[in-house]
Structure formats: structure tokens, C-alpha cells
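Below are the chains, spelled out letter by letter.
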Amino acid sequence: MSVKNLIVGQSGGPTAVINSSLYGVVSEGFNHPEEIGHVYGMINGIEGFLNGTVLDFQEALPGEKLSYLKHTPGAYLGSCRYKLPESLEDPVYPELFKKFEEMNIGWFFYIGGNDSMDTVSKLSRYAEKIGSDIRVIGEPKTIDNDLVHTDHTPGFGSAAKYVASTVREITLDANVYEKKSVTIVEIMGRHAGWLTAAAALARKYTGDNPLLIYLPETAFDQEAFLAKVEAAFEKNCNVIVCVSEGIHDADGTFICEYDNSVGTDSFGHKMLAGCGKYLENLVRNRLGVKARSVELNVSQRCSASMLSATDRDEAVAAGVFGVKAALSGVTGKMVSFIRTEDENGSYKMECGLEDVNLICNEEKTVPLEWISEDGSDVTDEFISYARPLIQGIADVPMGADGLPAFVYRK
């Protein structure tokens, strides 16, 4: 095969380690000069590529600068939420592949979640349709941990570590006073409660805060919730409650909709926010106790202060594995994580490959058997699943100004 060029893009919401996967792809691309000429990056994903915004990594991040990606959060290349047309007959597809041909692209990588894997699926299917030899590979990414056919996703471990650490700090703050209080912590999660469930990792002993955890996998009953809060005061006068932004009632109405009219994003998804504030007011008005709410918001996905070394290393490994797979002829696949054990029975992860057509537009939720029967907590099975993913603190070099030395695209 003649020397071809590699191109990589990032899509959807960023994470603390999406750039680590990018590092894995780019660095491994550099390791094969006999097959890969240039390693290009799409600025703002497939949408940016269509607009002609591309960078050359050999010029953008020369030498050691490339390694800074491993501790820089956000999406170095920028992101997009552009959805390719459903019909492969749409004129955008020949336009894209004409651009690929002009740039001598042989390998296409896309780092993202459900909607990004939809892009990988469509491009790989179109390539097959026209007989193109371009290899198209999906690199998993999402703090929501909701991609199917993989044990977990890069980004979840660091976000889970951040959530657990922050909830532990909030608990210590709440325990300062002996007056009854309720703190509602609102955590990201539309339909899958993996990240909110990670709040359980904050507990230091049985009966510790957070005393209540509510996920969107089960229906939320406001009266039952208030009764649970009152009962929780018997254990601790300061009650911490963690809720997913997507919690809903038995009819499917999001709790945030009780207090807010919500818009939709470019994919037609309702923009969720405000369930924490609604529950804060509900507790204050109905129970007559001090109440406050905390929305963790984007810090869950952009903080490098609680970067999980395990998460970072696995993200890099996914990028490297994907390039090696593509060079061997693989296409139309997503890199997956397979959980195994070493000879001592300790956690170990191996990379695998899954058909991207079976992954895109699907959603993996927290198993119901990992949620308590009344829907107000998670089980020890979840703890055993999540704890290995938050292990280790990744070193984040500091600049002369005393702040993290992140790498920026100029």
C-alpha cells in the first residue's frame, strides 16, 4: 500500500481525557512513517473538515509539545454536534470523500460518543458502497459511560473521580453545623445514571453521605423522596442527596420541567437543568429545613485536577490500538474495553473491536440490579465496577504562573 495520510477529529462533549485518546492516535501515527505520511486534525470535527479547517500535527505540536495532550482537558481540536444525513445518497458524502482523496487520506479516526459513532457508521458504510479503501475507526469517549459493547468509556473514570471527590468535600462542608440541612447535588446524566452513581464512591463508611442517590433509570416519586429525606435525618442532621439531571416521574416528565421550560439542542435532545434547584425549593417549602443545591455542571468533564491515571492511560491505549487495527485493514469498528483480571485477581483492561453499526444510537444504562429496590441508592456491585476506574492521580505539570501547563491551539 502506498503512503497515505491519517486524519482525526473530536466530536460531542469534551472530557478530561479525550485529548489523551488524541495523543494515542497521533503518536502512533508518527510511529509508522513507512505507511502514514501526514497526521492531520479536523478543527471542529466533521463540520470543520467540510469547511476546510484542518491542521498538520507535525507543525502544530512538534516534539514534546504533543505529550501535553495527555494532561490537557477539553478538546484540543475543538468539537461539533454535526449530524450527517441519514441517506447515503446525500451529496455531502461524495463531497467528503472528494476532500479525502484530495488530501490522500487513508485512515479516518473520530473520537466521541453515541452521535459520533453514528458518523463513523455512515462514513464506513459509504466507503464500502463506493469501494473506497479508507479505513474508518471510532474511538470511544463520554463521561456518561453509556456506549454499548464496551465495559466502560474513556472520560468516565476521571469524571467519576471528580464527582466522588467533590461530593466528599461537600459532605465535609455540610457537617460543620448541627442544624438540619439538605444539600442537593445535581450531576450530569440524561438517561444513564453512571456518573451520579459514582457519588457513592465518596462514602467512607456504611451510612455515610450521600444518604440518597437517584438515577434516571428508575421513576422519581416526589412524595417518597420527601419521606426518605425525613427518615435520613435519623442518621445525620446534614443530608446530602445526589440526583441525575435526567431524573423523571413515572410518566416520563423530567423533574426539571416542573419548574422550567426547556429547549432542545441541535440533535433534538431536551436541554436539562434545574432539577436540583426545584428539589431544593421542594424540601425547603415542604420540610421547613435549610436547603441548598449545587449543580456540578461542566466541571465534571473539564477538570484535570482529579484526572484518573487509569482513565488517562486507557484513553491513550485506545488511540494506539485503533491505529494499529486500521493499519491491519480494520474498518467500521469502534475500539472497546474488555475487563479482565491479572494473575492476582486485580483489575485489568484489554482493548477490543466492536461493529460500530451495533453501537451508534444505542444507550447503555446502569443495570437495575445495581440500583436499590426503592431507587434511592446503588449496590455494592456498582462500587466494585467503578472503583478500579478512578485509581491513580495523573501528574499535571505546572507552569511558571503556578497554574496547569495545558496546551492550547492558536
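See the structure shown above.
Each chain carries its own residue numbering, running from 1 in the direction its sequence is written. Reporting in this predicted model follows two pLDDT cut-offs: at least 70 for local features of residues, and 80 or more for side-chain atom pairs to be given and counted; totals over whole chains, interfaces and linings ignore these cut-offs and use all residues. To get the side-chain values, all heavy atoms of the structure are used, and hydrogens and water are removed first.

(A) Summary view of the sheet that holds strand β6 (residues 181–187). For two strands to pair, DSSP has to find at least two bridges joining them. Helix and strand definitions here come from DSSP, where helices need a minimum of 4 consecutive H or I residues and strands a minimum of 2 consecutive E residues; each element is numbered from the N-terminal end. The four strands are arranged β7-β8-β6-β9 in an open sheet whose pairing can be described as parallel. Every interior strand has two partners, whereas the edge strands, β7 (212–214) and β9 (290–295), have only one. On average, each strand axis in the sheet is tilted by 15° relative to the strand beside it, whichever way the strands run. Each of β6, β8 (238–244) and β9 touches helix α6 (residues 156–174); the most contacted strand, β8, lies at about 155° to it. Only C-alpha atoms enter the line fits that serve as axes; for helices the fit covers just the stretch in contact. Angles between N-to-C directions range over 0 to 180 degrees. In this description, contact between two residues means that some pair of their heavy atoms is separated by no more than 4.5 Å.

(B) Spatial organisation of the side chain of Ser303. Within the secondary structure layout, Ser303 lies in the loop between α10 (299–302) and α11 (309–327). Relative accessible area serves as the criterion here: at 15%, Ser303 is assigned to the buried category. N or O atoms closer than or at 3.5 Å make up a polar contact, with two conditions inside protein: a donor-capable atom paired with an acceptor-capable one, and, for residues adjacent in sequence, both atoms drawn from side chains. One polar contact links Ser303 to Ser305, side chain to side chain, over a distance of 2.7 Å. Ignoring anything within four residues of it in the chain, the contact list for Ser303 reads Ala16 and Tyr162. Relative accessible area decides the class of each residue, using a 1.4 Å probe on protein chains only: under 20% of the type maximum gives buried, over 50% gives exposed, and in between gives partly exposed.

(C) Layout of unusual backbone geometry. Residue Asn209 is joined to Pro210 through a cis peptide bond whose omega torsion reads 5°. Looking at the secondary structure, you find Pro210 in the loop between α7 (194–197) and β7. Here the phi dihedral of Asn145 falls at roughly 60°; this positive angle occurs in a residue that is not glycine. Looking at the element boundaries, Asn145 is found in the loop between β5 (135–140) and α6. Using a relative accessible area of 0% as the deciding quantity, one classes Asn145 as buried. Positive phi is not limited to glycine here, since Asn297 has a value of about 55°. As for its placement among the helices and strands, Asn297 is situated in the loop between β9 and α10.

(D) Structural detail: the pairing of β6. Among the seven residues of β6, seven are classified as buried, and the element is accordingly described as predominantly covered. Taking every second residue as pointing to the same face, both faces of β6 are buried, with Ser181, Thr183, Val185 and Ile187 on one and Val182, Ile184 and Glu186 on the other. With seven bridges joining them, β6 and β8 adopt parallel strand pairing. Note on β8: the bridge partner recorded for Val185 is Cys242. Looking at chain direction, β6 and β9 are connected through six bridges and run parallel. Each bridged residue has a counterpart across the sheet, and for Ile184 the counterpart in β9 is Ser293.

(E) Quick peek at the sheet that holds strand β10 (residues 333–341). Read from one edge of the open sheet, seven strands run β3-β2-β1-β4-β5-β10-β11, paired in mixed fashion. Both edges of this open sheet fall to β3 (54–56) and β11 (347–355), since each of them pairs with a single strand only. Along the sheet, successive strands turn relative to each other by an average axial angle of 30°, direction set aside. Sheet topology note: the β5/β10 ladder contains two bridges and is parallel. Across the sheet, Gly138 pairs through a bridge with Met334, a residue of β10.

(F) Examining α6 more closely. Taking 1.5 Å of rise per residue, 19 residues should cover 27 Å, and α6 covers 26 Å from first to last C-alpha, within 8% of that figure. In terms of burial, α6 is largely enclosed, as 14 of its 19 residues are buried. Take the number of residues in a helix, subtract one, and multiply by 1.5 Å to get its expected span.

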